[in-house]
Amino acid sequence: MQQQKRQRGRPRSQFTESSAGTLQSLDRALGVLSAIARADRMTLTDLSLAVGVPTATTHRILTTLQKRGFVTFDEDRQDWLIGIEAFRTGSSFLKRRDLAEIGRPVMQLLMEQTGETANLAVPQAAEVVFIGQIETQNPIRAFFPPSTRTAMHASGTGKAILAELPEDEVRQLLIKAGLERFTVNTHTTPVELFEDLAEIRARGWSFDHEERHDGMSCIGSAIFDEYGNPCAGVSISGPSIRFDPSRISELGAAVTHAAAEITERSGGALRERRG
């Protein structure tokens, strides 16, 4: 009896052409859902053009998503909006969001890039509370144990957060807490502080040059929540001697990038820089 010839090459994939088509359909559906989310609401024609999918196919995708509650149709305006099921799905992500956990790998990379200790802090009244830190291997370094508090006006993360708050809100905080002097470089008048905050807001990062502790400097940038409000700050800190003026802009850019990365990973919304 003739032996059946064994086939060479890779085994047949478990994914058939039909299943590959199903995955393509899913990819298109997710693209449609994302496009509506970014635009808030869109007509069928505009949506079809935005995702590069024929109108008839886009409509089938929309009706399927509508059946599941992920999109809804406005009869009066004849356009499509995000549905309640998409909100529920997104909310499940927000429930598990942990800034310290999400930010840790970003902070690790920031520490490696800059050679300085990376910190994560959240605002509480007129202070910031440190909730995470990745220490540098340098023998002389900054260290803030978890739950350490410091005044916002004398902190890299604190000033970065203040710079993104409405001016009236900042003034209310200052009225309650005051501007305590910690070193000769601490901002102790509203004029000094608001001038610094304006510069921070324009470039995206703060510079605390021995404003809280003599001999120590810090560069911080704000992290934003899903509404575009500052909810935390990431920073690097260390001996001032290592914060050479020629490196400040480079370090500031690294911290700003880290803050943007944590914002994105946690589902936050970045703000456009404004002068």
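These numbers come from a predicted model, not from an experiment.

Here is what the cut-offs are and how they apply
Residues numbered from 1 in each chain as written. Predicted model: local features only at pLDDT ≥ 70, side-chain atom pairs only at ≥ 80, totals over all residues. Heavy atoms only, no water. Helix = DSSP H or I, 4+ residues; strand = E, 2+ residues; numbered from the N terminus. Expected span 1.5 Å × (residues − 1). Bend = angle between axes of the 7 residues up to and from the residue. Buried < 20%, exposed > 50% of the residue type's maximum accessible area, 1.4 Å probe, protein only. Contact = heavy atoms within 4.5 Å. Polar contact = N/O pair within 3.5 Å; in protein donor to acceptor, adjacent residues only side chain to side chain. Pairing = 2+ DSSP bridges. Lys, Arg positive; Asp, Glu negative; His and termini not counted. Salt bridge = Lys/Arg side-chain N within 4 Å of Asp/Glu carboxyl O.

Draft legend 1. Expanded view of helix H5 (residues 99-114). With 16 residues, H5 extends 21 Å from end C-alpha to end C-alpha; this agrees with the ideal 22 Å at 1.5 Å per step. At Pro105, H5 shows its maximal bend, which comes to roughly 35°. Every buried residue belonging to H5 is among Leu99, Ile102, Gly103, Val106, Met107, Leu110, Met111 and Thr114, and all of these are buried. Of the surrounding secondary structure, the elements contacted by the buried residues of H5 are strand S4 (117-124), strand S5 (127-134), strand S8 (216-224), strand S9 (230-239) and helix H9 (248-265). Between the side-chain oxygen at the start of H5 and the backbone nitrogen of Ala100 there is a gap of 3.0 Å, and the oxygen is on Asp98.

Draft legend 2. Just the pairing of strand S2 (residues 71-74), in detail. Across four bridges, S2 lies against strand S3 (residues 79-82) in antiparallel orientation. If you follow Thr72 over to S3, its bridge partner there is Leu81. The hairpin turn running from S2 into S3, its antiparallel successor, is four residues long, and Gln78 in that turn takes a positive phi close to 60°.

Draft legend 3. Representation of the side chain of Asp208. Summarising the element assignment, Asp208 is placed in strand S7 (residues 206-209). One buried charged side chain, Asp208, makes no salt bridge at all; its nearest oppositely charged neighbour is Lys159, positioned 5.6 Å away. Engagement of the side chain of Asp208 in a polar contact is seen with the backbone nitrogen of Glu211, the distance being 2.8 Å. With residues near it in sequence (within four places) discarded, Asp208 still touches Ala154, Ser155, Gly156, Lys159, Met216, Ser217 and Cys218.

All quantities given are derived from atomic positions and should not be read as evidence of function.
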